[in-house]
Amino acid sequence: MNMESVGAYGGGKAGGTFDPIAFAKRPQVILRAVSWLFAVIVFGCISSQGWMSDPVSQKEECLYNKDSNACNYGVGISVIAFLASMGFLAGEYLFEQMSSVKTRKHYVLADLGFSGFWAFLYFVGFWYLASQWGKSDTPKNGYGVNNVQAAIAFSFFAIFSWAGSAFFAYKRFRQGSDAAFAPSYEADTSLPSAYPSYPGGPDTDQHYQEPPFTAGGNQRGLY
């Protein structure tokens, strides 16, 4: 994207032509799509084979050391990440249509805060799931082992995708409204070198002259 097409907070100028190829190549869009995919994998793996029926109690137990909170945590943050990724993808598309610098700023701050926080939650989730899995007994016939391990691995990968989104949001915030978008909203505060004369008024190029009479005797000579 050249500098002439860059707007406030790193987006294009409002009302510009939408380029789907340039949109798909944008780092923010790529990271959102990757985060969306990781979220699908994590909650899909845990939901499908993260639970196993206990032969004695006939109750569903989480494969992560029978800790239902671990399964619920992994599914919970991933479902929210799934929805948030789609929301931010829509936001990236609408970002080009935001003509208000303040609106763009609020979007960038929301992106920065949410992405950074979710990177932290995935870090906690990775540590939590890995810790509980390390204490677990191997399920009978290896049921769900691949799914459980995949959920741990992609929770780890998701840390970097969300952290990357936070990084690009921070870069956008640093750009602020000093990009090429801003001059179209700035008023020209330069003062004219000369004010135009009004009809019948004195010539603007005429300089001020002192009165032809000095104080004292010259003024008395008039009387």
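Keep in mind that what you see is a predicted model, and the values were worked out from it rather than measured.

Draft legend 1. View of the overall build of the chain. Within the chain, the regular secondary structure consists of six helices and two strands. Of the contacts made within the chain by residues no fewer than 6 positions apart, 75% connect residues no fewer than 24 positions apart. Total accessible area on the chain stands at roughly 13,900 Å², and carbon and sulfur atoms take up 61% of it.

Draft legend 2. Layout of the nonpolar core. Membership of the largest hydrophobic core comes to 18 residues, with the highest contact counts inside it found for Ala 81, Tyr 107, Trp 118, Tyr 122 and Trp 162. Elements with a minimum of two residues in this core: helix H2 (27-49), helix H3 (68-95), helix H4 (101-134) and helix H5 (145-175). The residues contacting Tyr 107, other than those within four sequence positions of it, are Phe 88, Gly 91, Glu 92, Phe 95, Met 98 and Arg 172. If you look at the next biggest cluster of nonpolar residues, it comprises 14 residues, including Cys 62, Tyr 64, Ala 70 and Leu 129.

Draft legend 3. Representation of unusual backbone geometry in the model. Of note in this structure, Asn 65 is not a glycine but carries a positive phi near 60 degrees. You can see Asn 65 is positioned in the loop between strand E2 (60-62) and H3. One non-glycine residue, Asn 141, adopts positive backbone phi at about 60 degrees.

Draft legend 4. Representation of a nonpolar patch on the surface in the model. On the surface, a nonpolar cluster with roughly 420 Å² of combined accessible area is contributed by Trp 36, Leu 37, Val 79, Leu 83 and Met 86. Mapped by element, the contributors of at least two residues to the nonpolar patch are H2 and H3. Examining the composition of the nonpolar patch, we find that three residues originate from one element, H3, more than from any other. Position of Val 79 relative to the elements: it lies in helix H3.

Draft legend 5. Structural view of the UniProt feature "transmembrane region" (unreviewed entry) in the chain. Residues annotated in UniProt with the feature "transmembrane region" (unreviewed entry) correspond here to residues 29-52, 72-95, 107-130 and 150-170. Counting secondary structure, residues 72-95 comes out at 100% helix and 0% strand; the distance between its end C-alpha atoms is 33 Å.

Draft legend 6. Quick peek at the layout of surface pockets. Estimates place the volume of the second largest pocket at around 320 Å³. Taken together, 15 residues form the lining of the second largest pocket, with Met 52, Glu 61, Lys 66, Asp 137 and Pro 139 sitting closest to its centre. Those elements that provide at least two residues to the lining of the second largest pocket are strand E1 (51-53) and E2. Taken together, the residues that form the lining of the second largest pocket break down as five nonpolar, four polar and six charged.

Draft legend 7. Spotlight on the packing of H3 against H4. Packing of H3 against H4 brings their axes to within 10 Å, and their N-to-C directions diverge by 155 degrees. Judged by the angle between their axes, H3 and H4 are roughly antiparallel. The two elements H3 and H4 cross, and the hand of that crossing is left-handed. Across the contact of H3 with H4, the residue classes tally to 18 nonpolar, five polar and three charged.

Draft legend 8. How the structure looks around the confidence of the model for the chain. On average, residues of the chain carry a pLDDT of 79, and 72% of them reach 70 or more. Within the chain, no element has a lower average pLDDT than helix H6 (residues 217-220), which sits at 48, and none a higher one than H2, at 95. Predicted confidence is poor over residues 1-6, with pLDDT under 50, and the contacts of this stretch with residues over four places away or in other chains come to twelve contacts. Here residues 217-223 scores under 50 on pLDDT; set against residues more than four positions off or in separate chains, the count is three contacts.

Thresholds applied
Residues numbered from 1 in each chain as written. Predicted model: local features only at pLDDT ≥ 70, side-chain atom pairs only at ≥ 80, totals over all residues. Heavy atoms only, no water. Helix = DSSP H or I, 4+ residues; strand = E, 2+ residues; numbered from the N terminus. Contact = heavy atoms within 4.5 Å. Areas by Shrake-Rupley, 256 points an atom, 1.4 Å probe, with all protein chains shown as cover. Core = buried A, V, L, I, M, F, W, Y, C linked by side-chain atoms within 4.5 Å. Buried < 20%, exposed > 50% of the residue type's maximum accessible area, 1.4 Å probe, protein only. Patch = residues over 30% accessible without salt bridge, like charges linked within 9 Å, V, L, I, M, F, W, Y side chains within 5 Å. Salt bridge = Lys/Arg side-chain N within 4 Å of Asp/Glu carboxyl O. UniProt positions renumbered as here; feature names shortened; annotations may be inferred. 1 Å grid on protein atoms, 1.4 Å probe; cavity = no way out; pocket = protein on both sides within 12 Å on 5 of 7 lines; lining within 4 Å. Points joined across faces, edges and corners; volume = space filled by probe spheres on them. Nonpolar A, V, L, I, M, F, W, Y, C, P; charged D, E, K, R; others polar. Axes fitted to C-alpha atoms, helices over the stretch in contact; angles between N-to-C directions. Parallel < 35°, antiparallel > 145°, perpendicular 65-115°, else oblique. Left-handed = near helix turned anticlockwise from the far one by under 90°. pLDDT = per-residue confidence, 0-100.

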